[in-house]
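Structural features, examined
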Amino acid sequence: DPILPIKNVRLPRLTDFDIAGSGTQKLFLHLILPALRSLTIASTAEDYGDLGIGDLLVRSHYPTLRTLRCRSIPRYTYAFPRTLLSHLSHMTTLELRSCSSYTGTLVDLASTDTLLCPSLETLVLDHVLSLRRHIPELVRLVESRNPALEESNANTTTHHSGSSGNGSGNAGASGSSSQSS
């Protein structure tokens, strides 16, 4: 075990934190990082439960975290907590790698009930889920974050169904989305 502080350690200017290896959970128990903007965590074979990300953010009074990257070992069984996502309104980048337990995160982000992580611009799910089984969630995720795309599809469908239209049915679809085959 690493030698860790007995009391909490406040690092008021630390904005980027990257940690890998055993003892992550024990270290997180004692950190307060109010200026944290980017957090990268790689779990190890010894990590089987919650690493304490949520507790760290609560203790740090929910800093304006913009980037969260988590890489886990395949045996890691702790699912990414929805309650944590609800507090990450400024997050622009979420990367979850190498853990099937994170599959529920896609379902949470695609929920039409509440838009979690409304500032999210980049989502990386690498070795997290079976794409074939989760196509509906991916479609909902894209549609929920691109309302103009959904309206454009509805207008295009109306235009092709025999409506004479005046060409205004495609307004708002000016290159804001791209599709590739």
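Residues numbered from 1 in each chain as written. Predicted model: local features only at pLDDT ≥ 70, side-chain atom pairs only at ≥ 80, totals over all residues. Heavy atoms only, no water.

1. Let's talk about the overall build of the chain
Basically, it comes down to this: Here a strand is any run of E in DSSP of at least two residues, a helix any run of H or I of at least four, and the numbering for each starts at the N terminus. We call a residue buried when its accessible area falls under 20% of the maximum for its residue type, exposed when it is over 50%, and partly exposed in between, using a 1.4 Å probe and counting protein chains only. Between two residues, a contact is recorded if the distance between any of their heavy atoms is within 4.5 Å. Only the protein chains shown count as cover for residues, and the accessible areas themselves come from Shrake-Rupley with a 1.4 Å probe.
For the chain, the helix and strand inventory stands at six helices and seven strands. Out of the 181 residues in the chain, the part that is buried amounts to 35%. In the chain, of all internal contacts separated by at least 6 residues, the share reaching a separation of at least 24 is 64%. In the structure as shown, the chain presents an accessible area of about 10700 Å², 52% of it carried by carbon and sulfur atoms.

2. Focus on the packing of aromatic side chains
For the record, the criterion: Only rings of Phe, Tyr and Trp enter the pairing, Trp through its six-membered ring, and a pair is recorded when the two centres are within 6.5 Å. The plane angle decides the type: under 30 degrees is stacked, over 60 is edge-to-face, the rest tilted.
Scanning the entire structure with this criterion turns up one aromatic pair. Ring centres of Phe17 and Phe28 lie 6.3 Å apart, and the angle between their planes is 45 degrees; on these two criteria the pair is classed as tilted. Taken together, the positions of Phe17 in strand 2 (residues 16–20) and Phe28 in helix 1 (residues 24–28) put the pair eleven residues apart, joining distant regions of the chain. The exposure class assigned to Phe17 is buried, which follows from its relative accessible area of 17%.

3. Details of the sheet that holds strand 6 (residues 93–97)
Heads up, the condition is: For two strands to be treated as a pair, DSSP must find no fewer than two bridges joining them. Note on definitions: angles span 0 to 180 degrees between N-to-C directions of axes, and those axes are lines fitted to C-alpha atoms, for helices only across the stretch in contact.
Strand order in the open sheet made by the five strands is 2-4-5-6-7, with parallel pairing throughout. The open sheet is flanked by strand 2 and strand 7 (122–126), the only strands paired with a single partner. Strand-to-strand twist in this sheet, taken as the mean axis angle between neighbours without regard to direction, amounts to 0 degrees. Direction of pairing for strand 4 (residues 38–42) relative to strand 5 (residues 67–71): parallel, over a ladder of five bridges. The residue bridging Leu39 from the neighbouring strand is Leu68, located in strand 5.

4. Let's talk about the environment of His30
Along the chain, His30 falls in the loop between helix 1 and strand 3 (31–32). You can call His30 buried: its relative accessible area is 18%. Each C-alpha atom of the pair His30 and Lys7 lies 6.3 Å from the other, and the pair is 23 residues apart in sequence.

5. Overview of the side chain of Thr67
Note that Thr67 resides in strand 5. Among the residues examined, Thr67 registers a relative accessible area of 12% and is labelled buried. Setting aside residues up to four positions removed in sequence, Thr67 forms contacts with Arg37, Ser38, Leu39, Met91 and Thr93.

6. Here's the deal with the confidence of the model for the chain
Convention followed: Scored from 0 to 100, pLDDT records how confident the predictor is in each individual residue.
Mean pLDDT over the chain works out to 74, with 65% of the residues at or above the 70 mark. Strand 3 holds the highest mean pLDDT among the elements of the chain, 93, whereas helix 6 (residues 147–160) holds the lowest, 59. Segment residues 158–181 is flagged for pLDDT under 50; beyond a separation of four residues in sequence, or across chains, it makes seven contacts in the model.

7. Digging into the environment of Leu109
The topology assignment puts Leu109 in helix 4 (residues 103–110). Setting aside anything within four residues of it in sequence, one finds Leu109 in contact with Leu85, Leu94, Leu116, Cys117, Leu120, Leu123, Leu141, Ser144 and Arg145.

8. Quick look at the pairing of strand 4
Along strand 4, five of the five residues are buried, which leaves the element largely enclosed by surrounding structure. Neither face of strand 4 is exposed, since Ser38, Thr40 and Ala42 on one face and Leu39 and Ile41 on the opposite face are all buried. In this structure, strand 2 lies alongside strand 4, joined through five bridges in parallel fashion. In the strand pairing of strand 4, Asp16 is matched with Ser38.

9. Regarding the nonpolar core
Quick note on the threshold: Put simply, a nonpolar core is a bunch of buried Ala, Val, Leu, Ile, Met, Phe, Trp, Tyr and Cys residues held in one set by side-chain atoms that sit within 4.5 Å of each other.
Of all hydrophobic cores here, the largest spans 29 residues; its most connected members are Phe17, Phe28 and Leu39. Among the secondary structure elements, those contributing two or more residues to this core are strand 2, helix 1, strand 4, helix 2 (53–59), strand 5, helix 3 (82–85), strand 6 and helix 4.

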